[in-house]
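Structural characterization, general
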Amino acid sequence: ASETFTNETCAFMWAYQDEPDLTEKLDSAVKELNPTASAKATLFGEDCIYSYGSKTFGVIETDFTVRLPVDDLTQHEKFGNWVKDVMQIVIEIPREEIPGKYGFVEFWFEKNEDENITFRVPIQQYLDEAGEKSGIELFEYFYQP
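A brief report on the enclosed structure follows.

So, how was this worked out
- Residues numbered from 1 in each chain as written.
- Predicted model: local features only at pLDDT ≥ 70, side-chain atom pairs only at ≥ 80, totals over all residues.
- Heavy atoms only, no water.
- Core = buried A, V, L, I, M, F, W, Y, C linked by side-chain atoms within 4.5 Å.
- Buried < 20%, exposed > 50% of the residue type's maximum accessible area, 1.4 Å probe, protein only.
- Helix = DSSP H or I, 4+ residues; strand = E, 2+ residues; numbered from the N terminus.
- Contact = heavy atoms within 4.5 Å.
- Salt bridge = Lys/Arg side-chain N within 4 Å of Asp/Glu carboxyl O.
- Phe/Tyr/Trp six-rings, centres within 6.5 Å; stacked < 30°, edge-to-face > 60°.
- Lys NZ or Arg CZ within 6 Å of the ring centre and 35° of its normal.

Here we take up the nonpolar core. Among the nonpolar cores identified, the biggest contains 33 residues, and Phe64, Val66, Trp82, Val105, Phe107, Phe109 and Phe119 are the most heavily contacted of them. Among the elements of the structure, helix H1 (20-33), strand S2 (38-50), strand S3 (55-69), helix H2 (76-92), strand S4 (101-110), strand S5 (116-122), helix H3 (123-130) and helix H4 (135-142) are those that each provide at least two residues to this core. Looking at this core, the element that brings in the most residues is H2, giving six residues. Look past the residues within four positions of Val66 in its chain and what remains in contact with it is Leu26, Val30, Ser38, Ala39, Trp82, Val86, Val105, Glu106, Phe107 and Trp108.

All chains considered together, the criterion is met by seven salt bridges. For Asp18, the salt bridge goes to Lys40, with nearest N and O atoms at 3.4 Å. Of this pair, Asp18 sits in strand S1 (residues 10-18) while Lys40 is found in strand S2, placing the two residues 22 residues apart along the sequence. A relative accessible area of 52% means that Asp18 is categorised as exposed. Linking Lys55 and Asp47 is a salt bridge whose minimum nitrogen-to-oxygen distance equals 3.4 Å. By relative accessible area, which is 54% here, Lys55 ends up exposed.

Looking now at the packing of aromatic side chains. Applying the stated criterion to the full structure yields 12 aromatic pairs. Relative to Phe44, the ring of Tyr16 lies with its centre 5.0 Å away and its plane at 45°, an arrangement referred to as tilted. You can see Tyr16 sitting in strand S1 and its partner Phe44 sitting in strand S2, a full 28 residues away along the chain. For Tyr16, a relative accessible area of 59% corresponds to the exposed category. Relative accessible area serves as the criterion here: at 16%, Phe44 is assigned to the buried category. With a centroid separation of 5.0 Å and an interplanar angle of 75°, the aromatic rings of Tyr141 and Phe142 are classed as edge-to-face. On the basis of relative accessible area, Phe142 is assigned to the buried category, the value being 7%. Ring-pair connections join several aromatic residues into one group, and the members of that group are Phe79, Phe107, Phe109, Phe119, Phe139 and Tyr143. In this structure, Arg67 packs its charged tip against the face of Trp108, placed 4.3 Å from the ring centre. Against the face of Tyr102 rests Arg95, its NZ or CZ located 4.2 Å from the ring centre.

In structure tokens:
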């Protein structure tokens, strides 16, 4: 007998899933820029959880996290140029390889466990408003202390 659950309703919950292929692609690209850097891709979306226990994931957007160990958190010009280089890598990934909508790239500049600068660059906003910026201008456009 074939099972159909077409009338079954589900409960939606926000959910995240790792995206190993994009993670590998971006991580190796940022390591070419700086061997101490690391990157990760995450799908953000919704789990549709059915009463019988199974669930399906629907992706809404793809987000990225890029971490860079630094010695000095005041190098905003350098950080802005790093953001520019990383964003260039992200926007060169073919659009069909990025599930859902463009999300954001979260940048971490980490001096140690307690001292860091973290901010997000929405990918579409970067394309629309900041593609010509670099250095401290780009850094200050997205960083809100």
